[in-house]
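As a plain string of letters, each chain reads:
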Amino acid sequence: MTKIEFIFKVLRAALWQKPMKRFDFPAKKYESLMKTADKQCIMGLIADGMKVSNTNLEKDSFYHLLKLEQKLTEENGKVNANLHELCRLLNGADVSFMVVKGQVAGANYPHPLLRMPGDIDFYIPAKDFDRAIQLINSQWGEEMDGSNDRHIEFKHNGTVFEAHRYLLRFPNKKMQRQFDNLVETYPTETATVGGEDVPTLMPTLNVLYLFLHLFNHFIQIGVALRQLCDLAMLLHKKRDCIDHALLDQWLKDFDITHAFYAFGAILIDKMGLPEEDFPYPITDKDREYSEKVLRLIVKHGNWGAYRRKNHDRRSFGFMFERSYIRISNHLLFYRLAPRYNRSLIFGTLPRKIWEKLSFIK
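Residues numbered from 1 in each chain as written. Predicted model: local features only at pLDDT ≥ 70, side-chain atom pairs only at ≥ 80, totals over all residues. Heavy atoms only, no water.

## Remarks on the overall build of the chain
Along the chain, the regular secondary structure elements total 14 helices and 9 strands. At 21 Å, the chain has a C-alpha radius of gyration in line with the 21 Å of a compact globule built from 361 residues. For the chain, the proportion of its 361 residues judged to be buried stands at 53%. Considering only contacts within the chain whose residues lie at least 6 apart along the sequence, 70% involve residues at least 24 apart. Summing over all exposed atoms, the chain offers an accessible surface of approximately 17,100 Å²; the carbon and sulfur share of this is 51%. Taking the average place of the 52 positive charges on the side chains of the chain and the average place of its 44 negative ones, the gap between the two points comes to 6 Å. (Helix = DSSP H or I, 4+ residues; strand = E, 2+ residues; numbered from the N terminus. Rg over C-alpha atoms; globule rule 2.2 N^0.38 Å. Buried < 20%, exposed > 50% of the residue type's maximum accessible area, 1.4 Å probe, protein only. Contact = heavy atoms within 4.5 Å. Areas by Shrake-Rupley, 256 points an atom, 1.4 Å probe, with all protein chains shown as cover. Lys, Arg positive; Asp, Glu negative; His and termini not counted. Charge placed at Lys NZ, Arg CZ, Asp CG, Glu CD.)

This is the structure:
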């Protein structure tokens, strides 16, 4: 059994709380496994899978696992507290908003506090955006970075927040209008995060959003297995709330049907997602692409960080390397989302290259 095969075995134990057969696990193998898990942002899930399975670890490995669980629990507790503070602030001022990904995605897991936490991403409609930012600034007094036309970033009590003007940005204006209209049309629902209700997208739209966000980052820079776990848990936890016929129509509207199926094959074949949670016809061709997708994810890790040799964003090497990655991914996975890939190749990519050229040292 390869390391990645074993990782998926432990992941299945964590996601579905079904223990593996008890076995001894040497310290060197544990250390190697956790290095890979860190690269994929799933250390907490691997720890949970081993705990569920009552794996026999050596003393140092066992203590590392306990410390890891404690650290993630504390970090998630802090992020949850900051999220609750944001919700109380905005609700108190009657500001419309919704929270996506992150802690909301974690709420779908058997043990939410073991999902590796990150930023708090929240969306505010245009009618309330400026008022909300002024409110946050006046109450919290945090320095805000408004250089991004999509969101404003700031830090509060050690947690990074991103206040989004748009949940997603599309180079294709028609696709942008379609998605923005969906966000404005469908009412928010709530997710229970750390014992408190948090507004978020309704389940069917949340699946579409989470996948569009996942696929966009996969094509342009890379993603980790954590993002696939988030999608799997959403599909499973909200199975009875998802309108699969409507989702199927949206996938066709955005021309990402086969992309969704290729990732779905990974969720079913590798992560153990029950087939009834993904009631769509996956073909052999979709599974062929899923293997290509998985190879890149496993090799390059979270946000493609292990793929790049250049990390200086202002250098020519970084610009050239990132452009090469994007073009190669667009061509390799063109069939999965033809219209989406075309719009990125002829819209976003040339603009980004031109912008980067002005910052090269």
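After that view of the structure, there is still more to cover.
## Here we look at empty space enclosed by the protein
All told, the structure shown has 2 cavities of 30 Å³ or more when counted by the stated rule. Estimates place the volume of the second largest cavity at around 40 Å³. Counting only elements with at least two residues in the lining of the second largest cavity, the list comes to α5 (102–106), α8 (203–220) and α9 (225–237). In terms of residue class, the lining of the second largest cavity is made up of 4 nonpolar, 2 polar and 2 charged. (1 Å grid on protein atoms, 1.4 Å probe; cavity = no way out; pocket = protein on both sides within 12 Å on 5 of 7 lines; lining within 4 Å. Points joined across faces, edges and corners; volume = space filled by probe spheres on them. Nonpolar A, V, L, I, M, F, W, Y, C, P; charged D, E, K, R; others polar.)

## A short note on the pattern of salt bridges
Under the criterion given, the structure shown has 15 salt bridges. Salt-bridge contacts for Arg335 lead to Asp286; the nearest nitrogen and oxygen are separated by 3.9 Å. Highlighted residues: Arg335 in the loop between α13 (316–332) and α14 (338–357) and Asp286 in helix α12 (residues 284–300), separated in sequence by 49 residues. Look at Arg335 and you get partly exposed, because its relative accessible area is 29%. With a relative accessible area of 0%, Asp286 lands in the buried category. (Salt bridge = Lys/Arg side-chain N within 4 Å of Asp/Glu carboxyl O.)

## Let's talk about helix α2 (residues 27–39)
In this model, α2 (13 residues) spans 19 Å end to end at C-alpha, consistent with the 18 Å of a helix rising 1.5 Å per residue. Regarding α2, the residues found buried are Tyr30, Leu33, Met34, Thr36, Ala37 and Lys39. Looking at the packing, one finds that the buried side of α2 touches α1 (3–16), β1 (24–25), α3 (43–52), β2 (56–57), α4 (59–92) and α12. Immediately downstream of α2, the backbone of Cys41 shows phi near 60°, a positive value. (Expected span 1.5 Å × (residues − 1).)

## Things to note about the sheet that holds strand β4 (residues 120–123)
With mixed pairing, 5 strands are arranged side by side in an open sheet as β3-β4-β7-β6-β5. Both edges of this open sheet fall to β3 (98–100) and β5 (144–145), since each of them pairs with a single strand only. Looking at chain direction, β5 and strand β6 (residues 151–156) are connected through 2 bridges and run antiparallel. Its bridge partner lying in β6, Met144 is registered against Phe154. The sheet contacts of helix α6 (residues 126–140) involve β4, β5, β6 and β7 (159–164), and relative to β6 the element is tilted by about 20°. (Pairing = 2+ DSSP bridges. Axes fitted to C-alpha atoms, helices over the stretch in contact; angles between N-to-C directions.)

## Some details on a nonpolar patch on the surface
Side chains of Phe62, Tyr63 and Leu66 sit close together on the surface and give an oily, nonpolar patch of about 280 Å² of accessible area. When you line up the elements, Tyr63 lands in helix α4. Owing to a relative accessible area of 43%, Tyr63 belongs among the partly exposed residues under this scheme. (Patch = residues over 30% accessible without salt bridge, like charges linked within 9 Å, V, L, I, M, F, W, Y side chains within 5 Å.)

## Considering the packing of α8 against α9
Axis separation between α8 and α9 bottoms out at 10 Å; the angle between their running directions is 165°. Classified by the angle between their axes, α8 and α9 sit roughly antiparallel to one another. In terms of crossing hand, the pair formed by α8 and α9 is left-handed. Residues Asn206, Val207, Leu210, Phe211 and Leu214 of α8 touch α9, and the partners they reach there are Gln227, Leu228, Asp230, Leu231, Leu234 and Leu235. Each residue belonging to the contact of α8 with α9 can be placed in one class, and the counts come to 8 nonpolar, 2 polar and 1 charged. (Parallel < 35°, antiparallel > 145°, perpendicular 65-115°, else oblique. Left-handed = near helix turned anticlockwise from the far one by under 90°.)

## Quick word on the nonpolar core
Judged by nonpolar contacts, the single largest core of 88 residues is most densely connected at Phe179, Leu208 and Phe260. No other element matches the 11 residues that α8 contributes to this core. If sequence neighbours within four positions are ignored, Leu208 has contacts with Phe179, Leu182, Leu247, Trp250, Leu251, Phe254 and Ile256. Counting residues in hydrophobic clusters, the runner-up holds 27 residues, among them Phe129, Ile133, Leu135 and Ala163. (Core = buried A, V, L, I, M, F, W, Y, C linked by side-chain atoms within 4.5 Å.)

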